[in-house]
Amino acid sequence: MPESLEHFEIGRVEDVTIVTFKGSSIVEEELVQEVRGELLRLVDEERPTKMILHFGNVRYFSSPALSMFIALKGKMGKIKGQIKFCAVSPGLSEVFRITRLDQLFEFSDTEQAALDAFE
């Protein structure tokens, strides 16, 4: 698997795939579609059973990005995979809370906490 995609850095710790966003915002519709395509392609090609989305660099995203995360969860569910989010800023955490997506996804403050949550 490539260690770097256009919008992500890919890392692994044992059987966990860690996907770190490179950019600070996912706002424009075209960018959302590119990011969505990369994420879904990653799942199709690599079929990870455990994935962490690392939001450490992300400060903003648009409403369409929320549907991208839902689509990713659905695709991971089809392969019996698990997904966790980490390092989500307080502002983005509030967006997930307001939209009630905080009930759909599991969040950890740090990458290590997300890794530990898989055990």
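Not measured: the values here are computed from a predicted model.

> Mind showing me how you'd approach the overall build of the protein here?
When helices and strands are tallied, the protein shows 4 helices and 7 strands. A globule of 119 residues ought to have a C-alpha radius of gyration of about 14 Å, and the protein, at 13 Å, matches this closely. Principal-axis analysis of the C-alpha atoms places the extent of the protein at approximately 30 × 30 × 25 Å. Residues classed as buried in the protein amount to 43% of the 119 residues present.

> Could you clarify how one ought to interpret the pairing of strand β2 (residues 16-21) in this entry?
Put simply, side chains in a regular strand alternate between the two faces of the sheet. The buried fraction of β2 is high, at 6 of 6 residues. Residues V16, I18 and T20 line one face of β2 and the alternating positions T17, V19 and F21 line the opposite face, and both faces are buried. For strand β1 (residues 8-13) and β2, the ladder comprises 6 bridges, and the chain directions are antiparallel. Opposite I10, over in β2, you have V19 as the bridge partner. Taking the residues that link successive antiparallel strands as the turn, the β1-β2 hairpin has 2 residues, and the phi of E14 there is positive, at about 55 degrees. Across 4 bridges, the pairing between β2 and strand β4 (residues 50-54) is parallel. Its bridge partner lying in β4, I18 is registered against I52.

> In this structure, what is going on with the side chain of K84? I would like to understand it.
One can find K84 in strand β6 (residues 82-86). Taking relative accessible area as the criterion, K84 reaches 5% and is therefore assigned buried. Polar side-chain contacts of K84 include one of 2.9 Å to the side chain of E106. When near neighbours in sequence (up to four residues on either side) are disregarded, K84 contacts M51, I52, L53, E106, A114, A117 and F118.

> I'm lost on the packing of aromatic side chains in this one. Help?
The description of an aromatic ring pair uses the distance of the two centres, along with the angle that the planes make with each other. What the rule picks out here adds up to 14 aromatic pairs. Ring geometry for F85 and F107: centres 5.3 Å apart, planes at 85 degrees, overall edge-to-face. Here F107 lies in strand β7 (residues 106-108) and F85 lies in strand β6, a separation of 22 residues in the sequence. One aromatic cluster in this structure is built from F8, F21, F55, F61, F69, F85, F96, F105 and F107. K84 extends its terminal NZ or CZ atom over the ring of F118, reaching a point 4.6 Å from the ring centre.

> Sorry, what's going on with helix α2 (residues 63-78) here?
In an α-helix, one turn spans 3.6 residues; hence positions three or four apart end up facing the same way. Helix length check: α2 (16 residues) gives 24 Å between terminal C-alpha atoms against 22 Å at 1.5 Å per residue, within 8%. Those residues of α2 not exposed but buried are A65, L66, M68, F69, L72 and M76. One side of α2 carries all its buried residues, which in axial view fall inside an arc of 155 degrees. Pointing more than 90 degrees away from the buried face of α2 are the exposed residues S63 and K78. Positive backbone phi, approximately 60 degrees, marks K80, located one or two places after α2.

> What should I look at first to understand the nonpolar core in this one?
Nonpolar side chains tend to gather and get buried jointly when the protein is soluble and globular. Among the nonpolar cores identified, the biggest contains 32 residues, and L53, F55, F61 and F69 are the most heavily contacted of them. Only β1, β2, α1 (29-46), β4, α2, β6 and α3 (90-98) provide two or more residues apiece to this core. For this core, the leading source of residues is α1, giving 7 residues. For F69, the residues in contact, after removing those within four places along its chain, are F21, L53, F55, F61, F85, F96 and F105. Counting residues in each nonpolar core, the second largest holds 7 residues, with V16, I52, A114 and L115 among its members.

Conventions adopted
- Residues numbered from 1 in each chain as written.
- Predicted model: local features only at pLDDT ≥ 70, side-chain atom pairs only at ≥ 80, totals over all residues.
- Heavy atoms only, no water.
- Helix = DSSP H or I, 4+ residues; strand = E, 2+ residues; numbered from the N terminus.
- Rg over C-alpha atoms; globule rule 2.2 N^0.38 Å.
- Buried < 20%, exposed > 50% of the residue type's maximum accessible area, 1.4 Å probe, protein only.
- Pairing = 2+ DSSP bridges.
- Polar contact = N/O pair within 3.5 Å; in protein donor to acceptor, adjacent residues only side chain to side chain.
- Contact = heavy atoms within 4.5 Å.
- Phe/Tyr/Trp six-rings, centres within 6.5 Å; stacked < 30°, edge-to-face > 60°.
- Lys NZ or Arg CZ within 6 Å of the ring centre and 35° of its normal.
- Expected span 1.5 Å × (residues − 1).
- Arc of directions from axis to C-beta.
- Core = buried A, V, L, I, M, F, W, Y, C linked by side-chain atoms within 4.5 Å.

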